[in-house]
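Residue-level structure breakdown
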Amino acid sequence: MQINKLRGRELDQLFRVILSLKDLEECYRFFDDLCTVNEIQALAQRLEVARMLREGYTYHKIETETGASTATISRVKRCLNYGNDAYAMALDRIYNEQKEEAGSQ
């Protein structure tokens with residue numbers, strides 16, 4: 001893992017704070033204070049690229065719909081194929097939560 005090079009008190013603190021957030025509103029407030037609009041958009045864009053790649057979209061379609069560069073799409077694809085399976089884990093979780101919410105309505 002590349003992030004292991006950064007592991008330490010400060011990064012642990014950041015992740016603990018993120019894990020402590022209770023709902024979407026708290027996330028919006030925290031990330032609004034923590035990040036620039038461009039940083040937040042870049043993170044959201046990468047997650048959307050990962051979702052679209054998993055669903056079989058072409059690079060051209062992803063580039064058109066998200067505005068992501070082919071370099072960003074390639075990097076996300078490399079993580080999907082050779083990374084820690086974190087994109088898959090996170091996307092599967094929100095997909096399952098959305099399915100449960102839809103089923104309970």
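Everything discussed here concerns the structure shown above.
Below: a short report on this structure. (Residues numbered from 1 in each chain as written. Predicted model: local features only at pLDDT ≥ 70, side-chain atom pairs only at ≥ 80, totals over all residues. Heavy atoms only, no water.)

The helix and strand tally for the chain stands at 6 helices and 0 strands. Listed by position from the N terminus, the elements making up the chain come as α-α-α-α-α-α. Dimensions of the chain, computed from C-alpha atoms along their principal axes, come out at roughly 45 × 40 × 25 Å. Counting only carbon and sulfur atoms, one obtains 52% of the accessible surface of the chain, whose full area is about 8600 Å². Distance between charge centroids for the chain: 8 Å, based on 15 positive and 17 negative side chains. (Helix = DSSP H or I, 4+ residues; strand = E, 2+ residues; numbered from the N terminus. Areas by Shrake-Rupley, 256 points an atom, 1.4 Å probe, with all protein chains shown as cover. Lys, Arg positive; Asp, Glu negative; His and termini not counted. Charge placed at Lys NZ, Arg CZ, Asp CG, Glu CD.)

Further remarks concern the nonpolar core. Within soluble globular proteins, side chains that are nonpolar tend to cluster in buried spots. Listed in full, the 10 residues of the largest apolar core are Val49, Ala50, Met52, Leu53, Ile62, Ala68, Ile73, Val76, Leu80 and Leu91. Those elements that provide at least two residues to this core are helix 3 (37-54) and helix 5 (70-82). Per-element accounting of this core gives the leading share, 4 residues, to helix 3. When near neighbours in sequence (up to four residues on either side) are disregarded, Val76 contacts Arg46, Val49, Ala50, Leu53 and Tyr87. (Core = buried A, V, L, I, M, F, W, Y, C linked by side-chain atoms within 4.5 Å. Buried < 20%, exposed > 50% of the residue type's maximum accessible area, 1.4 Å probe, protein only. Contact = heavy atoms within 4.5 Å.)

What follows deals with the pattern of salt bridges. A complete count under the given rule lists 5 salt bridges for this structure. Two residues, Glu65 and Lys61, come together in a salt bridge whose shortest N-O distance is 3.0 Å. Within this pair, Glu65 and its partner Lys61 are both found in helix 4 (residues 59-66), separated by 4 residues, close to a single helical turn. Its relative accessible area of 39% is what places Lys61 among the partly exposed residues. Here the residues in one salt-bridge network are Glu48, Arg51 and Glu55, joined through shared partners. (Salt bridge = Lys/Arg side-chain N within 4 Å of Asp/Glu carboxyl O.)

Attention now goes to the environment of Phe31. Turning to its location among the elements, Phe31 is positioned in helix 2 (residues 24-34). Phe31 gets classed as partly exposed once you look at its relative accessible area, which sits at 23%. The spacing of Phe31 and Ile18 is 13 residues in sequence and 9.2 Å in space, taken between C-alpha atoms.

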